[in-house]
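# Structural characterization, general
Single-letter residue listing:
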Amino acid sequence: MKIYNTLGRKLQPFTPRDEGKVGMYVCGATVQSKPHLGHGRYAVVFDVVRRYFTYLGYDVMYVRNITDVDDKIIDAANDAGVSTQDIADEAAAAFAAAYLALGVLPADIEPRATEHIPQMIDMIEMLIQGGHAYESGGDVYFAVRDFPGYGKLSGRNIDELQSGARVEVGDVKRDPLDFAVWKKAKPGEPSWSSPWGEGRPGWHIECSAMSHEYLGTSFDIHGGGNDLIFPHHENEIAQAEAALDAAPFARFWMHNGMMTLTGEKMAKSTGHIIDLLEAVEKYPGLAVRLFYLRTHYRKPLDFSEDALADATASLERLWSFRRRQPGPVEAESHPETIAAFRAAMEDDIDVAGGLAALFDAVREGNRRLDAGESAEEYLAAYDEIVEVFGLAEQEKGLDDIAGGLAAVGARFGVDGISNGALIDALLARRAEARSNKDWATGDAIRDGLAELGIFVEDGADGSAWHRR
RNA sequence: GGCGACGUGGCCGAGUGGUUAGGCAAGGGUCUGCAAAACCCUCUACCCGGGUUCGAUUCCCGGCGUCGCCUCCA
């Protein structure tokens, strides 16, 4: 399996640190506000990476953090007159709902920054002891120039950065490039006790400390959006490698491309965004997932309503194939399909190529079913691939439309039963009408169900329904 | 200014030195009471200019264009 490693900027064969195991750390959200469409992308992209490693038989430890203390969370809390914890909890709940809708599996561990302050303080103390950081008026700064490898991830050199660095007011820093690993508390801010007084951690230290806590030194894969390469990931590396005196901090760095909107990057700071929860309300969550997955993870992805509608239709094509023969299949997966799927995935997670293999199998499977032949091995391949992509159709349940169903049932003289049994009875009623060429009644039943999102399709051996 | 990515058919979007990606949409057909789904057929592209090559969309050079990072950001 080849993965494009940002560290070194080239495709590299993936090998795990420990035989049979993969440790992954992905930078999750700063929970300051609701998620937008861009946040869904990293979640889905790395969910598929994780699923694929699991599929290959690795024992995967997947860690995705939550940043629940930072300047903007504090600002939001002050504006709303609530605690930072309230802001963080509310936003974290919105992210969790979005992940669920997108079919993103829960992380093995979802550490919060505020619950790992001691680990961060430990790391900062190691930095100070090693001469890599210094205290200055209650703040602690990392001394960038004293760390030789600085810039190796982002491809920058210190002198170029120097010329572009913002001029700092005052002289708390020894060097303009130095960045805070600990910030002295200001009045009204959440703070923790430390050897340097009350304060809070800098942004980057949490990921260095938490990834080390759960995955150890030189873990396998560190992921995140490519906008985090500099300075966040560069600083994570510097801190962790300096503190622990061990390199590399992470062995493979994977970065997903940004979502754009009318060609411009989607970012909450500019308000140039599409609300993620609104998107998964308007379209099936897994259609949004497929929309992300069609484009290679490192490329930019432009949002459009058309693209989402396109993905929705495309997903329907997949699902309608699987509905033709529901239930488990016994056969081995079609070998060529799996080979094509794997070849694509081994090439830096080429999901688009894997999808092509899937759609080829769907076409052939459909063709065989039309011809009255067995499509078992194609159905098996479908299940195998769809599991990795996380696109399997979920049972929706009928409880939320039970009232509507009962009303339709009453209209056609069916009562005393509900939900699935009611639909079956209605379809029996409809079959009876159709056998008498009473098309009006038949169509009325179909239309009544359609209004509730229950779509009826007539086949050679009876009618089937599904909820959309 | 520095670093980096990208420019493919109506749209989205893979990939490759010579042989059909795939999806959506569109048109024609089969099936069908209608509808839906499915299958078959059609639509054959690779920003521009040089170069290398028997042959380049695919490699090299130059140009044009778009975007990202360089400040918080997935």
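Provided above is the structure to which this section pertains.
Below you will find a few notes about this structure. (Residues numbered from 1 in each chain as written. Chains lettered and ligands numbered in written order. Predicted model: local features only at pLDDT ≥ 70, side-chain atom pairs only at ≥ 80, totals over all residues. Heavy atoms only, no water.)

### Regarding the pattern of salt bridges
Following the criterion strictly, the structure yields 32 salt bridges and no others. Lys 34 serves as the salt-bridge partner of Asp 275, at 3.1 Å between the closest nitrogen and oxygen. Separated by 241 residues along the polypeptide, Asp 275 in the loop between strand 12 (264-265) and helix 8 (276-282) and Lys 34 in the loop between strand 3 (21-26) and helix 1 (37-55) bring together distant segments of the chain. For Asp 310, the salt bridge goes to Arg 294, with nearest N and O atoms at 2.8 Å. Remark: Arg 294 occurs in the loop between helix 9 (285-293) and strand 13 (301-303) and Asp 310 occurs in helix 10 (residues 305-323); sequence separation between them is 16 residues. On the basis of relative accessibility, which here comes to 41%, the residue Asp 310 falls in the partly exposed class. Within this structure, Arg 430, Arg 434, Asp 443, Arg 446 and Asp 458 form a network of salt bridges that share partners. (Salt bridge = Lys/Arg side-chain N within 4 Å of Asp/Glu carboxyl O. Helix = DSSP H or I, 4+ residues; strand = E, 2+ residues; numbered from the N terminus. Buried < 20%, exposed > 50% of the residue type's maximum accessible area, 1.4 Å probe, protein only.)

### A few points about the packing of helix 11 (residues 335-346) against helix 13 (residues 376-389)
Between helix 11 and helix 13, whose axes approach to 9 Å, the crossing angle comes to 20°. What the angle tells us is that helix 11 and helix 13 run roughly parallel. Between helix 11 and helix 13 the crossing geometry is right-handed. Packed against helix 11, whose contacting residues are Pro 335, Thr 337, Ile 338, Phe 341 and Met 345, the element helix 13 presents Glu 377, Tyr 378, Ala 381, Glu 384, Ile 385, Val 388 and Phe 389 at the interface. Taken together, the residues of the contact of helix 11 with helix 13 break down into nine nonpolar, one polar and two charged. (Axes fitted to C-alpha atoms, helices over the stretch in contact; angles between N-to-C directions. Parallel < 35°, antiparallel > 145°, perpendicular 65-115°, else oblique. Left-handed = near helix turned anticlockwise from the far one by under 90°. Contact = heavy atoms within 4.5 Å. Nonpolar A, V, L, I, M, F, W, Y, C, P; charged D, E, K, R; others polar.)

### Let's talk about helix 14 (residues 402-411)
A turn of α-helix holds 3.6 residues, and therefore any two residues three or four places apart point the same way. For helix 14, the full list of buried residues reads Leu 405, Val 408 and Gly 409. Looking down the long axis of helix 14, one finds its buried residues gathered within 100° of arc, a one-sided arrangement. Facing away from the buried side of helix 14, by more than 90 degrees, are the exposed residues Gly 403, Ala 410 and Arg 411. Here the buried face of helix 14 lies against helix 15 (419-435) and helix 16 (439-451). Immediately downstream of helix 14, the backbone of Gly 413 shows phi near 75°, a positive value. (Arc of directions from axis to C-beta.)

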